[in-house]
Amino acid sequence: METSIASSILASLGKVVLERQPDGTFLQRGDAPAWFAHRMRGVLHADTPIRVESLFPFLEVFLPEAEAVWQGEGATRIDSDVWCETAEGGEELPLEATALLVGPARLLVITRCDELFHERRLVLQRARELRITYDALAREIEQKDILMHCIVHDLASPLQTILGVLSSLDERDPPGEDGVLLDAALDAALRQRSMIREILTVFAAEHGGLDATHEEAVVCDLHVVLPHVVAEHERTARGRNVRIERDAPPPGSFVVADEPRLVRVLANLLDNAVRHSPVGGHVHVRVRGDDTSLEVSVEDEGPGVPPSLAARLFERFGRGIGPEAGTGLGLYFCRITVERWGGAIGYAAPPEGGARFWFRLRRAATSTGARAA
Amino acid sequence: MSTLAKRKVCLLGATGVGKTSLVLRFVRSIFSDTYQTTIGTRIETKHIHYDDHEIVLVLWDLSGEDEFQRVRLSYLRGAAGYLLVADGTRRATVETALALHHTAAALLGDVPRVLVLNKADLRALWELDDASERELAARWPVFETSAKTGAGVEEAFRALGHALLPR
Ligand SMILES: Nc1nc2c(ncn2[C@@H]2O[C@H](COP(=O)(O)OP(=O)(O)OP(=O)(O)O)[C@@H](O)[C@H]2O)c(=O)[nH]1
Ligand SMILES: [Mg+2]
């Protein structure tokens, strides 16, 4: 009586219980759930030996594992992964098998597991779809980058001609207002060229131009680089009546960085600081260090960065797009460059106003070349 | 009289490359644009007739390999050959297929296999250039297929089936 209740409970839970016989076939025990009875249509007796691996080819890979349980080696139970059969009418029939040793009985329980199957599908399906969409978007962005690179590259060649013409006119030293206009045109063209170079450098850095093996090897001395970059910016700064004041890093301030790019990073920050300074303002360049790193900061007395932009400042086009924002790639370039050297970069709003940009570079233990000299 | 040989064949590849679609196209001549990821394993069989031979392919369509799930290697047990599937519009899926090949070859030895570059109908988005396809073709039987249009599908399965005929 009890056995028969138990077996109809199992059947109504969608489980069929099969007992392994010494010859490797199986006999059905208890009631068959509907899905199993359907599969077994045409089999005359409930006690007909069943070859489960013919009925469910998936079990070919599970039975050897189940055998270990039935031989009493180790675990007393093992579950298969889900597999899917096709039910009558073509719909999916998800199944799962469990091998058990109950007393002397070697049991194989096969369960119809629609719920587990659909739950798992829901999660995996969503995850995989998102992955595929993400990959597709990443590819699209990369293609657009390449397109942009080509366009920018093409824009540079007529500019070379314009610069050439303007320079040779300038050499003739035209008098009066012509000379002033010419200087303005030359300045604008030079600025345009440097913007184009910046974009191309960002592109090169993103697409593998800066290789990792490069990083450790390259060392430069802030003691040399910093004064040089500051001196270059003093002229433009004077034009706006802005004064740049700088610390003098001690000789042998070696950091992990390569010089041309470090110059660009510094130049970017100085450019920004001078551009955003009020007329007659000051820009401070400070250097601080500890045992492992050196930090350079550039501070100006301008309006500072609106809090709404601060979080995205070092992203692409993080300063928004407009004449004041330049290419929108300068700070982005600084970040990817400094990070590839193992350094960090950031922005802080000083309490007294203005803007403070800083970057920190790892100290290079020694610069063989420089020390030997 | 020829005996009917049954051969287990596994479909291996990254997720979403079209393993299930290829099986459904080959076995039932159907295709759907909606993606339904395979959970666990699904097995289909198909008879293939050659001039004087016939073979039954037992096709094991496995859940794809990705960061959410690995292919269970124990499922390769007993496979007579395998079909590596990559998506020609996603270069990275070729790498996944080749990695799966190395694992499968370590388990099964040098059994017949073919490499299928699926989604050939999406030529405009194709990420493999001729040079890299030639390079692959030097090491593999390579088929360009489209489960969507059916192009190349029959050929790929038949070629693998042929290599599995009893000699
Ligand atoms: N255009 C096109 N789409 C295809 C082709 N083959 C498959 N697809 C689509 O690609 C998506 C994934 O196909 P599936 O067959 O489910 O891929 P799978 O390799 O079985 O994926 P998993 O089971 O998740 O590993 C579906 O949206 C299909 O409609 C093809 O040849 N051409
Ligand atoms: Mg699938």
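Just above sits the structure.
Predicted, not measured: the structure shown is a model, and the values here were computed from it. Counting of residues starts from 1 at the beginning of each chain's written sequence and follows it residue by residue. Chain labels run from A onward and ligand labels from 1 onward, assigned in the order the entries are written. Given that this is a predicted model, residues contribute local features only at a pLDDT of at least 70 and side-chain atom pairs are listed and counted only at 80 or more, while totals for whole chains, interfaces and linings are drawn from all residues. Side-chain measures here rest on the full set of heavy atoms in the structure, leaving out hydrogens and waters.

Enquirer: Would you mind going over the pattern of salt bridges with me for this structure?
Expert: Opposite charge on two side chains makes pairing possible when the charged atoms of those side chains draw close. Salt bridges are identified by distance alone: a Lys or Arg side-chain nitrogen within 4 Å of an Asp or Glu carboxyl oxygen. Counted by the stated rule, this structure contains 31 salt bridges over all chains. The partner of arginine 42 of chain B in a salt bridge is glutamate 44 of chain B, and the shortest N-O contact between them spans 3.8 Å. Since its relative accessible area comes to 11%, glutamate 44 of chain B is described here as buried. Through salt bridges that share partners, Arg286, Arg288, Glu295, Glu299, Arg356 and Arg360 of chain A make up one connected network. The buried label goes to any residue with under 20% of its type's maximum accessible area, the exposed label to any with over 50%, and the partly exposed label to all in between, with areas taken from a 1.4 Å probe on protein chains only.

Enquirer: What is the right way to read a nonpolar patch on the surface from this model?
Expert: Residues and elements named next belong to chain A. For patch building, the residue pool is restricted to those with more than 30% relative accessible area and no salt bridge; the joining distance is 9 Å between like charges and 5 Å between nonpolar side chains (Val, Leu, Ile, Met, Phe, Trp, Tyr). A 1.4 Å probe and the Shrake-Rupley method give the accessible areas. Residues count as covered only by the protein chains that appear here. A contiguous nonpolar patch, built from Ile5, Ile9, Leu10 and Leu13 and spanning about 330 Å² of accessible area, is present on the exposed surface. The way it works is that DSSP assigns letters per residue, a run of H or I at least four long becomes a helix, a run of E at least two long becomes a strand, and they are numbered from the N terminus. With respect to the helices, strands and loops of the structure, leucine 10 is situated in helix α1 (residues 2-12). Leucine 10 gets classed as partly exposed once you look at its relative accessible area, which sits at 31%.

Enquirer: Looking at this structure, I do not really get the packing of aromatic side chains. What am I missing?
Expert: Aromatic rings considered in pairs are described by the distance between their centres and by the relative angle of their planes. When two rings of Phe, Tyr or Trp (its six-membered ring) have centres within 6.5 Å they constitute a pair, described as stacked for plane angles under 30 degrees, edge-to-face for angles over 60, and tilted for the intermediate range. Counting across every chain of the model gives eleven aromatic pairs over all chains. On the basis of an interplanar angle of 55° and a centroid distance of 6.3 Å, the ring pair of tryptophan 35 of chain A and phenylalanine 56 of chain A is categorised as tilted. Of the two residues, tryptophan 35 of chain A sits in helix α2 (residues 34-39) while phenylalanine 56 of chain A sits in the loop between α3 (52-55) and α4 (59-70), which places them 21 residues apart along the sequence. Under the relative-accessibility criterion, tryptophan 35 of chain A is labelled buried at 8%. Aromatic pair phenylalanine 26 of chain B and phenylalanine 157 of chain B: ring centres 4.2 Å apart, planes at 5°, arrangement stacked. With a gap of 131 residues between them, phenylalanine 26 of chain B in helix α1 (residues 19-28) and phenylalanine 157 of chain B in helix α4 (residues 153-163) connect regions that are remote in the sequence.

Enquirer: Got a minute to help me understand the interface of chain A and chain B in this structure?
Expert: Two residues qualify as a contact provided that any one of their heavy atoms is within 4.5 Å of a heavy atom in the partner residue. Across the contact, 23 residues belong to chain A and 28 residues belong to chain B. Counting each side, the surface lost to burial between chain A and chain B is near 2,400 Å², with a carbon and sulfur contribution of 53%. Sorting the residues of chain A by area buried against chain B places Val61, Arg128 and Arg139 of chain A first, and these three jointly supply 26% of that buried surface. Counting every contact that joins chain A to chain B gives five salt bridges. Between arginine 42 of chain B and glutamate 92 of chain A there is a salt bridge, with its nearest N and O atoms 3.4 Å apart. Whenever a nitrogen or oxygen atom comes within 3.5 Å of another N or O atom, the pair is scored as a polar contact, on the condition that within protein one atom can donate a hydrogen and the other can accept it, and that pairs from neighbouring residues in sequence are kept only if both atoms are in side chains. At the surface where chain A touches chain B, the tally comes to 14 residue pairs in polar contact (both at pLDDT 80 or more). For the side of chain A that touches chain B, the secondary-structure elements that each account for two or more residues are α4, β4 (83-86) and α5 (114-171) of chain A. A total of eleven residues in the side of chain A that touches chain B trace back to one element, the largest contributor, which is α5 of chain A. Among the residues forming the side of chain A that touches chain B, the class breakdown is eleven nonpolar, two polar and ten charged. By buried area we mean how much accessible surface two parts lose on assembly, using a 1.4 Å probe and totalling the loss over both. When residues are sorted by character, Ala, Val, Leu, Ile, Met, Phe, Trp, Tyr, Cys and Pro go into the nonpolar class, Asp, Glu, Lys and Arg into the charged class, and all the rest, Gly among them, into the polar class.

Enquirer: Can you help me understand the site of ligand 1 in this one?
Expert: Residue and element names in this part refer to chain B. Surrounding ligand 1, one finds 23 residues, the nearest of these being Ser21, Ser32, Tyr35, Thr37 and Asp121. Here glycine 64 contributes a backbone N or O atom positioned 3.0 Å from an oxygen atom of ligand 1. Side-chain polar atom of aspartate 121 to a nitrogen atom of ligand 1: 2.7 Å apart, as the coordinates give it. A total of 650 Å² of accessible area belongs to ligand 1 in isolation, and the protein chains cover 93% of it. Mapping ligand 1 onto the cavity grids shows that it belongs to the second largest pocket. Considering every element that reaches the shell around ligand 1, the biggest residue donor is α1, with three residues. Classifying every residue of the shell around ligand 1 by side-chain character gives five nonpolar, 13 polar and five charged. Nearness is defined per residue: one heavy atom within 4 Å of the molecule or strand is enough. Space inside and on the surface of the protein is sampled on a 1 Å grid over the protein atoms alone, with a cavity defined as a set of points where a 1.4 Å probe fits but cannot get out and a pocket as an open set with protein on both sides within 12 Å along at least 5 of 7 lines; lining residues have an atom within 4 Å of a point. Each molecule is checked against the cavity or pocket grid, and it sits inside if more than half of its atoms lie within 2 Å of the grid points.

Enquirer: I tried to follow the pairing of strand β13 (residues 355-362) of chain A on my own but got confused; where do I start?
Expert: Every regular strand shows the same layout, with side chains that alternate between the two sheet faces. Residues and elements named next belong to chain A. β13 sits mainly inside the fold: six of its eight residues count as buried. Sheet topology note: the strand β11 (residues 293-300)/β13 ladder contains eight bridges and is antiparallel. Across the sheet, serine 293 pairs through a bridge with arginine 362, a residue of β13. Bridge count between strand β12 (residues 344-348) and β13: five bridges; the pairing is antiparallel. Counterpart to isoleucine 345 in the pairing with β13 is phenylalanine 359. The hairpin turn running from β12 into β13, its antiparallel successor, is six residues long, and glycine 353 in that turn takes a positive phi close to 100°. When DSSP locates at least two bridges between a pair of strands, those strands are taken to pair.

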